[in-house]
Amino acid sequence: MRFSDGLWLTKNGYQVHYASQAYEILPHDNSLTVLATSSAIYNRAMTLGGVTLEITYTATADDTIKVRIVHHKGTLHTMPQFVLHEPDGYAAEITDTGEYIELHAGKTSVRIYRGVQWRVEFLRNGRKLTGACTRSTSYIEEEAFHAQARLQLQTGDRFFNAPADPRTGYTREQLSLDVGECVYGFGEKFTAFVKNGQTAEIWNDDGGTCSEQSYKSVPFCLSNRGYGIFVNSTGRVSFEVGSDTVAKLSMTLPGEELEYYLFGGDTPEDVIVRYTDLTGKPALPPAKSFGLWLSTSFTTDYNEETVNRFADGMAQRDIPLSMFHFDCFWMREFTWTSFVWDENMFPDPEKQLRNLHERGLGVCVWVNPYIAQRAEIFEECLAKGYFLKRRDGSVFQCDLWQPGMALVDFTNPEAYQWFGAQIRKLVGMGVDAVKTDFGERIPTDVVYCDGSDPIGMHNFYTYLYNQCVFEALESVKGKGNAVLFARSATAGGQKFPVHWGGDCSAEYTSMAETLRGGLSLSMCGFGFFSHDIGGFEQTAVADVYKRWCAFGLMSSHSRLHGSASYRVPWLYEEDTPDQPENACAVLRFFTKLKGRLMPYLYAQAARTHETGIPMMRAMVLRYPDDPAVPYLDRQYLLGDSLLCAPVMNAEGTADVYLPAGIWTDILTGEQYEGGRFYRRTCSFLQMPIYAAPDSVIVYGDFRQNTVYDYVQNAEAVIYSLTEGKTAETVVCDSSGKPEITITARRQGGSILVRTTPTDKAFTVRLHGGGSAVLGGAVSEAVL
């Protein structure tokens, strides 16, 4: 929200009360409590009335400082709460110089200055990260509220009744932005990757990839100066990033209080580790989910025969397939979500699923959290009170999407268990994964079973929905074997992967939108990301489809899915089925490449699960000090050691920046000196994919299934290892457990390679040089 009218004025209708003086600072074991007055206090008469803010700064863990700003304490607390993992008993250090008092959370600290001017600084190792000064921290009243208060006080009614809407005031924090500072995140935002100059409303909506609306809104942002901010509210938080005031990051929340966390780190990756320590780490998806997914598409005609024909067609064309997805019409029209197969289209669903399993395929089905009135289960849910209600006690229903649909109330423990039971029944039939669609357009004029504020539940609803389905899958299939394909999310939703980018169009601009959204989401600790290969809306021309296949297979998860047309590759071949770069050939090539990369990719996935650092990530996370990197949004890192730059134009060119060092194209073998931009022209069987300097990439003996032995007959390739440097990589098994560690060190012109003990044989090769076989009795070699 914007309140300023230039430098001097405030917009009509608002009165801003700024923190002006730290009148009193009280130290505690791991916190500081500040009484901030809205004017400098020079005598006792100035303490009679006026707005004050109680601000508590708490060190909750290393590099984590919680800030709580409160105006009036007596408001009702009905907002649903994010699930946070805050440790107890953190021992902080407090120092007092007389000029200021400082609270230390490891290397990150907050410094509050005494005196008649408000001044707060957040520091790391003594270097200022950001801070608040005069005209920053504030409580804002709407003039109508303020005028009513003044009038009733003048008439002698000191204890006047507040207006009907308790959110007539706003609590705001403004933190300084430095010269050249860039801010990222806020969830899945399809607008410009660097958010400076933008307004970020934390409010989920179903708006596709072409607008400022977001399926996944997260009140977290990350600065390239080495800190992150998380506003701990499920409400409608509004961020202004150098927009209301160009040198400030503003965060505003309706109501009487605002709580946020500041995380410090040596690198942006460290900040994400701290943030996900608090909000949760991504679960590790099963290895099978990293292979190629094929969907029925949405409104296309499909039945048992269609599914079999598609599975046969992929096998006949030697395109390895891992998962098959049944979209909405696995259920009868007008009944979603009924959890009942349409037996006109699928007369024996359990047999169908067995057949797919016998082909080596996993099965995914679509659900949403809405129940259509014509669904058989509607009456049961109605009778048992499982639906959201209006204020008059009637069930909230609408005709948008499904006629007469009602929404499951996941705050009702019985409804939560009931919905999970439906998922477990599907798993019993042979379902392996669930696409949890929708969950964004949640009404606010409703009443929840547990009394939760409907404003807060608008965003938080998706957390409960996806948690319910994920837990149900995990309860049957076990940890490490549950996977969603989720569209909506908020803070903490990263614990229930995978998330995909929503409704994109079949064109190059939408590829770029999708990537921007995915990179912004990854800045908020979401570790695994996918999108609809070929675009969801419309039908792509062949070149868009083929370029998107490369981009899709070089994402953490890869799914072919569309709206009104199929996405099987042979429909894009036109009159060129025998050409070496037709759609089938392109899809086959990149699917097999990803399969070969599984030893590397799954080890990176396990690291994402352990640390929270996203698998698919923006360049600035790894190279924050490179001045060419902050605005790069058409390339990304896939794990620690692969750099990918999708081709997004009909000319077949990709502009890519390589940081310092020697980078190697893993497809062509060509090497490139870093520290500059390159423009590459690529065939359809090419995409710029570079191995980082001083890296080891392990390629597996892939055949058809992404679940295989990642060590036996693998090839570990050492890329551009410089003198005196050591490169190390871990290879996990297909459950994510570390199996071997390979280290390589260049010294005196030769490379010593070692492996931890294993009875499996694999090859180690120096790119452009010699090779050796390790394993069994041989645990080291010199190249």
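Residues numbered from 1 in each chain as written. Predicted model: local features only at pLDDT ≥ 70, side-chain atom pairs only at ≥ 80, totals over all residues. Heavy atoms only, no water.

(A) Representation of the pairing of strand S18 (residues 227-231). For S18, a buried count of five out of five residues is recorded, marking the element as mostly surrounded by other parts of the structure. Going residue by residue along S18, you find Tyr-227, Ile-229 and Val-231 tucked away on one face and Gly-228 and Phe-230 tucked away on the opposite face as well. Pairing geometry for strand S17 (residues 217-223) and S18, over four bridges, is antiparallel. In the strand pairing of S18, Phe-220 is matched with Phe-230. In textbook terms, the turn of a hairpin is the stretch between consecutive antiparallel strands, and for S17 and S18 this stretch comprises three residues, one of which, Gly-226, has a positive phi near 95°. Summarising the sheet, S18 and strand S21 (residues 257-264) pair through five bridges and their orientation is antiparallel. Pairing of Val-231 across the sheet is with Tyr-260, part of S21. (Buried < 20%, exposed > 50% of the residue type's maximum accessible area, 1.4 Å probe, protein only. Helix = DSSP H or I, 4+ residues; strand = E, 2+ residues; numbered from the N terminus. Pairing = 2+ DSSP bridges.)

(B) Representation of the sheet that holds strand S13 (residues 138-142). Overall, antiparallel pairing links the six strands, which are arranged S3-S13-S14-S20-S19-S16 in an open sheet. Lying at the two open borders of the sheet, with one neighbouring strand each, are strand S3 (14-18) and strand S16 (199-201). Mean inter-strand twist for the sheet, computed between neighbouring axes without regard to direction, equals 20°. Examined bridge by bridge, strand S19 (residues 238-241) and strand S20 (residues 248-254) share four bridges and lie antiparallel to one another. Its bridge partner lying in S20, Phe-239 is registered against Met-251. (Axes fitted to C-alpha atoms, helices over the stretch in contact; angles between N-to-C directions.)

(C) Fine view of the sheet that holds strand S33 (residues 616-617). With antiparallel pairing, the six strands of this open sheet are ordered in space as S33-S34-S35-S40-S37-S38. Looking at which strands have only one partner, the edges of the open sheet turn out to be S33 and strand S38 (671-673). In the sheet, S33 pairs with strand S34 (residues 636-638) via two bridges, with the strands oriented antiparallel. In the sheet register, Met-616 faces S34, and the bridge partner there is Leu-638.

(D) How the structure looks around the side chain of Ser-295. As for its position among the elements, Ser-295 is in strand S22 (residues 292-295). Judged by its relative accessible area of 1%, Ser-295 falls in the buried class. Among the polar contacts made by the side chain of Ser-295, one reaches the side chain of His-561 at a distance of 2.7 Å. In this structure Ser-295 touches His-325, Asp-327, Leu-560 and His-561, once residues within four positions along its chain are discounted. (Polar contact = N/O pair within 3.5 Å; in protein donor to acceptor, adjacent residues only side chain to side chain. Contact = heavy atoms within 4.5 Å.)

(E) How the structure looks around the packing of helix H6 (residues 413-429) against helix H7 (residues 454-477). Running from amino to carboxyl end, H6 crosses H7 at an angle of 45°, the nearest separation of the two axes being 9 Å. It follows that H6 is oblique to H7 by the angle criterion. Between H6 and H7 lies a crossing whose hand is right-handed. Along its contact with H6, which presents Tyr-416, Phe-419, Gly-420, Ile-423, Arg-424 and Val-427, the element H7 presents Leu-464, Tyr-465, Gln-467, Cys-468, Val-469, Glu-471, Ala-472, Leu-473, Ser-475, Val-476 and Lys-477. (Parallel < 35°, antiparallel > 145°, perpendicular 65-115°, else oblique. Left-handed = near helix turned anticlockwise from the far one by under 90°.)

(F) Focus on helix H11 (residues 598-611). Over its 14 residues, H11 runs 19 Å from end to end, which matches the ideal 20 Å to within 8%, given 1.5 Å per residue. By the criterion of burial, H11 is predominantly enclosed, with 11 of the 14 residues buried. The complete set of buried residues in H11 reads Met-598, Pro-599, Tyr-600, Leu-601, Tyr-602, Ala-603, Gln-604, Ala-605, Ala-606, Thr-608 and Thr-611. A positive phi of about 90° marks Gly-612, the residue just after H11. (Expected span 1.5 Å × (residues − 1).)

(G) Expanded view of the nonpolar core. The biggest cluster of nonpolar side chains holds 193 residues, and the ones touching the most others in it are Phe-326, Phe-419, Ile-423 and Tyr-636. The dominant element in this core, judged by the number of residues it contributes, is H7, at 11 residues. Contacts of Ile-423, omitting those with residues within four sequence positions, involve Phe-339, Val-367, Val-434, Val-469, Ala-472 and Leu-473. In terms of nonpolar packing, the next biggest core, distinct from the first, is built from 45 residues, Ala-36, Val-51, Phe-239 and Leu-253 among them. (Core = buried A, V, L, I, M, F, W, Y, C linked by side-chain atoms within 4.5 Å.)

(H) Up close: the environment of Val-778. Tracing the sequence through the fold places Val-778 in the loop between strand S47 (771-774) and strand S48 (780-782). For the pair formed by Val-778 and Val-586, sequence separation is 192 residues and the distance between their alpha carbons is 39 Å. In contact with Val-778, not counting residues within four places along its chain, are Thr-755 and Val-773.

(I) Representation of helix H2 (residues 268-279) within the structure. Over its 12 residues, H2 extends 16 Å from the first C-alpha to the last, a length consistent with the 16 Å expected when each residue adds 1.5 Å. Listed in full, the buried residues belonging to H2 are Pro-268, Glu-269, Val-271, Ile-272, Tyr-275, Thr-276, Leu-278 and Thr-279. Gly-280 sits one or two positions beyond H2 and adopts a positive phi of about 115°.

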